[in-house]
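Here is how the chains run, residue by residue.
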Amino acid sequence: MDLNKKFTPETWPDHPERATHEAKNKFVGFWLFLGGETVLFATLFATYIALKNKGPAGYEHTTQELFELPLVFVMTMLLLTSSLTSVYAMYHMKNFNFKKMQLWLAITALLGLGFIGLEVYEFVHYVKEGFTFDSSAFSSAFFTLVGTHGFHVAIGLVWITLLLIRNAKRGLNLYNASKYYTFSLYWHFIDVVWVFIFTVVYLMGVIG
Amino acid sequence: MMMKGLKKWRLFSLLAAVTVFLAGCGQEQLSILLPAGQVGKDQFNLLILSSVIMLIVIIVVVIIYVIALIRFRRSKLGEDHIPKQTEGSHILELVWTVVPILLILVLAVPTVYYTYKLGNVTAMDAVDEEGNTENLVVDVTAKLFWWEFEYPELGIVTAQELVVPMDEKVYFNLIAADVKHSFWIPAVGGKLDTNVENVNKFYLSFEKDSKDLKDGVFYGKCAELCGPSHALMDFKVKTMPRAEFDTWVTAMQATGEETTDVAAVGQGEELFQQSCIACHATSAVGETGAIGPNLATFGDRNRIAGFMDHDKESLKEWIKDPQKYKPGNKMQSFGDMSDEDLDAIAEYLMGLSVEK
Amino acid sequence: MSSVAQKRGFGATLWDWLTTVDHKKIGILYLLGGGIFFVIGGIEALIIRIQLLKPNNDFVSAGLFNEIITMHGTTMIFLAAMPILIGFMNVVMPLQIGARDVAFPFLNSLGFWMFFFGGLFLNVSWLFGQVPDAGWTSYASLSIASEGHGIDFYAIGLQIAGGGTLIGGINFLVTIITMRAPGMTYMRMPLFSWTTLVASAMILFAFPPLTVGLFFLTFDRMFGGNFFDHTMGGNTIIWEHIFWIFGHPEVYILILPAFGIFSEIIPMFSRKRLFGYAAMVFATVLIGFLGFMVWAHHMFTVGLGPTANAIFSVSTMAIAIPTGVKIFNWLLTMWGGSIKMTTPMLYAISFIPSFVMGGVTGVMLGSAPLDYQLHDTYFVIAHFHYVIVGGVVLGILAGTHYWWPKMFGTMLNEPLGKITFALFLIGFHMTFLIQHWLGFWGMPRRVFTFMDGQGWNLANVISSVGALLMGLGILVLIINIIITSVKNVRVGNDPWGDGRTLEWAIESPPKFYNFAQTPLVRGLDTVWIEKMEGNKSGFTAAEPVQDIHMPNGSIIPMIMSFGLFIGGFGAMFHAEEAWGLPLLIFGLFVTFASMATRSLKDDLGYYVKKADIERDLKQKGGRN
């Protein structure tokens, strides 16, 4: 593949993320990977539901007592917005507008960073209240489910940061277009997972 | 003369065949092929039904297979023979889809029926007008590596040897105290796991007097890997007519009334009170939850520790070094006990009986 | 990296193998690794049978016995059967679909090294003297209670190896979806490639639950988690569900590729098209699908209640139907054919009745009330060895003889192959047929010894002698491999003479770029079609000779996997040793840094020049 091939918005293909053989493989492979990830999270969700509010005799922590919806709502908004900004970024990527794509991806990363910050704050708060990873089956299941998601977000942040820095001066080409696109797929996926976490863990925890 | 020889030979071969057949059924006290209760019989019937269906399948396959292998060898057809490249046959595909479906249905219907029948424990909590439960319920607790049997309604508890009346449904509550085990009496009926977090319930019925068996007991097994001595976690089952069982229960209940007459106790009992009583009770009155097996019926038992010969020598060996015989078990060893003391304790334990 | 043959030193050869991304070499590495673990697992099996040779035997202690059965099961499933099958998939599938490599050569290498280091991690436990001892299923209450680091080796080792398998599965899926040669439609794909596709899809959906389950186990044992501690609100049954949601599909992940191997061998040596190809494909997919619906039949005695047991009974029995379809189609493939009794074919024809035996006992076990009796007895041992040895291992042995010339360019010795076959098959039936009865007679599985006087003695002797015969069979195979490699008689494209699929239209072993020109596929069994139409080479090209793009080798996959390997020790010892946590962090750092390096450093591959390819073609004195 020729990295130096110059494109203009006119010669830029409609689907740059699938324009080369390697990119197409990556595209298909990543979708399949997300299929596997779905099963992984499904297993975590099932376990969480089974162990929700279960603890040793006389365990005090429950979902009702722990969770505070306003904070989680802000986190949800941050992540949902970041999904939207990544859509903008992909829009500009397809239009061969490198600068704007960079800008929107950077905004996406900042929103993600905000989310992680709040999640860390939330976890620290729980730990201070005595709701630690090892205090009950419920706490283990909660931190594992939500923490696995948080870990995915963190990986995504490192990923996009490295990608932006590495390609900062290279512009768009068919080699890195698929990389940006794969990241955006991943980002949407963790966003969707969060929607389920928000519903199953927090909403159903407080209301149900 | 020759005819006679032939006859003898015939008789012999017939006997041999019967022996082989009987051997093929295993031993009465622990073979699922010689069921001694309704549950086991139901399961045995399913075994026969499924075996017959499966034999039909095997026979059909083998016939086609053998003919194909005989008829279509290249050595017969010649090196240059190019067979017709058949694509397939819709009719045949249909046949070997539909026929197996029918065969499976023949097995599936009784399977579902028996699954619900054997899973039905609604009668467990049934009580008569006075509030007594109508059926015998036994609470089984599986521990590393022994079994505790409590009869909650009768206020008695025993270990290692389950005693049950014949010809009625006996209901079981099963749980494990440490790690998961599985409760299985092969000759009487299929197993159920003893989980650590929940009570499992099922029933069995015993329709054969264990007196008629080789050792006078049915064999029970732990069927779930539970640690080093999983293989040795055996228990035994005594079955008897209801009247006899009632007598046994009364005798068991009476063990609680014996007061220890300090003057009359023998040396063995005294030693037992010093060294063993912290873990082992000798009164059958009580509940589950002891550290070690209840020994009220020790003298009546068939085995020591579930699997060793029931004699004083084995008992002494066992007390001296339980880990040697049942690795990983929780009993401490008494290797420093004098032979004399061991003798006395063994003597005492062998005398603990409600049946004699 | 040019195709010019050159003498290279040992170091360079080793480096080549450590960094290779060539699917054929990786496949051979898988076969080698899997083969070594197969021998280790086999030795463990022999120790088990020696211990059970007579009642009250003390050849091994109770604790050691549990370690050996655990490692035997874990090794055979995860480190022998799977890798060997993945090895065949790696070597053969791209050739069968007319591709030059897999979709992600780098990930292919990563998958292998993760398997290798995961397997190594598990087996290093022997050196520590703390070996997994809770059975290959490692049911939670026992695996949590088990002392020492044994189960930690299990949890982390399988985690690493399982990750490799998942990567491999995705890789094969993408390869088949995007890289089939022109004309190679799905319904023209050889059955082995089809079973690779379905097995890979099953890996994709079955392994993540295992990943999660192993994380739970790791957390509970090493990081204060409470998933399976019921005193803390946990629940051990969750492990059983998760394990079998993975575990049952796993069985089909093993057997489907074996089906695929037999679906190649039977038509070739019957010289006849696979009967009912479409039905075979449909049955494969259906088995893959149903494989996810039956996990609870391993848990009939757990106390899930009659409704769950009834549902899972019926769904389990349903699997017999597509499996039956396959059996009959194989029979009808032979019917009217011209059967040649080569070693692979001997395995194939012995597989049919052997597997039918295992299949029907599976249906019997599927009947929940009957399973209450048979569960966790020697009947179950007999059943799954009939499917796994009678299906998977016979498939592996068949595939080894069948594809050996394609992989190494020389044929395994046929008479020795037939001796292996005879010893192994007789030994196999001797070992396991009688075990059905041991189950009937009340012998539970996983017992380190048994008392005299229960009527089990003779049957156990027979079983042990059979195991010895199987061991001898494998010994003869190893001798065969050595002799064959030393003699090294080279063979042509189609050494069996009746090749039907694309791998038989190219050299043995193939050039590193597989196809000088991408093939044009004109139907099922394309090579056979070409030959019947007079094209002796069996090959029609879809493109002119041109430059071929190939990936670069890389050492990064090995380093990444090694990072996980050392990080595993850190996780295991972090609670008791000061160096534990730093080692864990260091290991993970190595892995992630390698990943970042891979990501940041452009790797665009290289081109094999047209002139080189033309020279290769000329050297051979012909085309493809």
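Every residue gets a number counted from 1 within its own chain, in the order that chain's sequence is written. Each chain is given a letter, starting from A, and each ligand a number, starting from 1, according to the order in which they appear as written. Given that the model is predicted, a residue must reach a pLDDT of at least 70 before its local features are reported, and side-chain atom pairs must reach 80 or more before they are shown or counted; all residues, however, enter totals for whole chains, interfaces and linings. Excluded from the side-chain calculation are hydrogens and water; included are all heavy atoms of the structure.

**What to know about a negative patch on the surface**
A patch consists of residues exposed above 30% relative accessible area that lack any salt bridge, with like charges linked at up to 9 Å and nonpolar side chains (Val, Leu, Ile, Met, Phe, Trp, Tyr) linked at up to 5 Å. Here the accessible surface of atoms and residues is derived via Shrake-Rupley with a 1.4 Å probe, and residues count as covered only by protein chains that are part of the display. Within this document, salt bridges are pairs made up of a side-chain nitrogen of Lys or Arg and a carboxyl oxygen of Asp or Glu, the two lying within 4 Å of each other. By the counting rule applied here, Lys and Arg register as positive and Asp and Glu as negative, while His and the ends of each chain are not counted. Where a charge sits is defined by one atom per residue type, namely NZ (Lys), CZ (Arg), CG (Asp) or CD (Glu). On the surface, Glu60, Glu65, Glu68 and Glu129 of chain A cluster together to form a negatively charged patch. Mapping Glu60 of chain A onto the fold places it in the loop between α1 (21-51) and α2 (63-66). Helix and strand assignments come from DSSP, with helices taken as H or I runs of at least 4 residues and strands as E runs of at least 2, each series counted from the N terminus.

**Points about the environment of Val380 of chain C**
All names here are of chain C. Turning to its location among the elements, Val380 is positioned in helix α13 (residues 378-408). In the structure, Val380 is positioned 64 residues away from Pro444 in sequence and 9.3 Å away in space, judged by C-alpha atoms. Between two residues, a contact is recorded if the distance between any of their heavy atoms is within 4.5 Å. For Val380, the residues in contact, after removing those within four places along its chain, are Leu365, Leu374, His375 and Arg445.

**Regarding the sheet that holds strand β10 (residues 235-240) of chain B**
Residue and element names in this part refer to chain B. Two strands pair if DSSP finds at least two bridges between them. Here we have 5 strands laid out as an open sheet, ordered β4-β10-β9-β6-β7, and mixed in their pairing. Strands with a single pairing partner mark the edges of an open sheet, and in this sheet they are β4 (161-165) and β7 (189-194). This sheet shows a mean twist of 25° between the axes of neighbouring strands, independent of strand direction. One ladder, built from 5 bridges, connects β4 with β10; its direction is parallel. Bridge assignment links Leu162 to a residue of β10, and that residue is Val237. Axis definition: a line fitted to C-alpha atoms, over the contacting stretch in the case of helices. Angles run 0 to 180 degrees between N-to-C directions.

**Some points on the UniProt feature "transmembrane region" (unreviewed entry) in chain A**
UniProt positions are given in the numbering used here, feature names are shortened, and annotations may be inferred rather than shown by experiment. In this structure's numbering, the residues bearing the UniProt feature "transmembrane region" (unreviewed entry) are residues 28-51, 71-91, 103-121, 141-165 and 185-207 of chain A. A distance of 27 Å separates the end C-alpha atoms of residues 103-121 of chain A, which is 100% helix and 0% strand.

**As for the interface of chain C and chain B**
With 94 residues of chain C at the interface, the matching set in chain B holds 89 residues. Once two parts are joined, some of their accessible surface, as seen by a 1.4 Å probe, is lost; buried area is that loss totalled over both. Across the chain C/chain B interface, buried area totals approximately 7400 Å², and carbon plus sulfur atoms make up 67% of it. For the interface between chain C and chain B, the tally reads 3 salt bridges. Salt-bridge contacts for Glu240 of chain C lead to Lys180 of chain B; the nearest nitrogen and oxygen are separated by 2.8 Å. Side-chain atoms alone can form a polar contact between residues adjacent in sequence; in general such a contact is a pair of N or O atoms within 3.5 Å, and within protein one must be able to donate a hydrogen while the other accepts it. The interface formed by chain C and chain B includes 32 residue pairs in polar contact (both at pLDDT 80 or more). With 16 residues, the single largest contributor to the side of chain C that touches chain B is helix α10 (residues 306-334) of chain C. Of the residues assigned to the side of chain C that touches chain B, the class counts are 52 nonpolar, 30 polar and 12 charged. All amino acids are sorted into three groups, where Ala, Val, Leu, Ile, Met, Phe, Trp, Tyr, Cys and Pro are nonpolar, Asp, Glu, Lys and Arg are charged, and the leftover types, Gly among them, are polar.

**Focus: the pairing of strand β9 (residues 218-222) of chain B**
Residues and elements named next belong to chain B. With 5 of 5 residues buried, β9 is to be regarded as a mostly interior element. Two elements, strand β6 (residues 181-185) and β9, share 2 bridges in a ladder whose sense is antiparallel. Bridge pairing in β9 places Trp184 opposite Lys221. Two strands pair when backbone bridges link them, and β9 and β10 are joined in this way by 3 bridges, in the antiparallel orientation. Considered in β10, the bridge of Tyr219 is made with Lys236. Think of it in three bands: residues with accessible area under 20% of the maximum for their type are buried, residues over 50% are exposed, and the middle band is partly exposed, with areas taken using a 1.4 Å probe on protein chains only.

**Here's the deal with the packing of helix α7 (residues 191-222) of chain C against helix α8 (residues 236-270) of chain C**
All names here are of chain C. Contact geometry for α7 and α8: axes closest at 8 Å, N-to-C directions at 160°. In terms of axis orientation, α7 runs roughly antiparallel to α8. You can see that α7 and α8 cross each other, and the crossing is left-handed. Of the residues in the contact of α7 with α8, the class split is 23 nonpolar, 4 polar and 2 charged. Note that the term roughly parallel is reserved for angles under 35 degrees, roughly antiparallel for angles over 145, roughly perpendicular for angles of 65 to 115, and oblique for everything else. By the definition used in this description, the sense in which the near helix is turned from the far one sets the handedness, with an anticlockwise turn below a right angle giving left-handed and a clockwise turn giving right-handed.

**Some points on unusual backbone geometry**
Going from Leu144 of chain B to Phe145 of chain B, the amide bond is cis rather than trans, its omega being -15°. The peptide bond linking Ser508 of chain C to Pro509 of chain C adopts the cis configuration, its omega dihedral lying at -10°. With respect to the helices, strands and loops of the structure, Pro509 of chain C is situated in the loop between α15 (457-487) and α16 (526-532). The phi torsion at Asp167 of chain B lies on the positive side, around 60°, for a residue other than glycine. Mapped onto the elements of the fold, Asp167 of chain B is located in the loop between β4 and β5 (169-176). Judged by relative accessible area, which is 57%, Asp167 of chain B ranks as exposed. We note that Asn56 of chain C has phi near 55°; this positive angle belongs to a residue other than glycine. A relative accessible area of 45% means that Asn56 of chain C is categorised as partly exposed.

**Some details on the pattern of salt bridges**
All names here are of chain A. What the rule picks out here adds up to 38 salt bridges over all chains. Notably, a salt bridge pairs Glu17 with Arg18, separated by 3.7 Å at the nearest N-O pair. Since its relative accessible area comes to 2%, Glu17 is described here as buried. A residue is classified by how much of its surface remains accessible, and Arg18, at 35% relative accessible area, is partly exposed.

**Overview of the interface of chain C and chain A**
Residue-level contacts link 38 residues of chain C with 38 residues of chain A. Overall, the association of chain C and chain A removes approximately 2900 Å² of surface from exposure, summing both partners, and the carbon and sulfur fraction of that is 71%. The interface formed by chain C and chain A holds 2 salt bridges in total. Asp602 of chain C serves as the salt-bridge partner of Arg166 of chain A, at 3.1 Å between the closest nitrogen and oxygen. Counting across the interface, chain C meets chain A through 11 residue pairs in polar contact (both at pLDDT 80 or more). At the level of secondary structure, the elements contributing two or more residues to the side of chain C that touches chain A comprise α6 (150-178), α7, α8 and α18 (580-600) of chain C. Ranked by residues supplied to the side of chain C that touches chain A, first place goes to α7 of chain C with 8 residues. Class assignment for the residues of the side of chain C that touches chain A results in 24 nonpolar, 11 polar and 3 charged.

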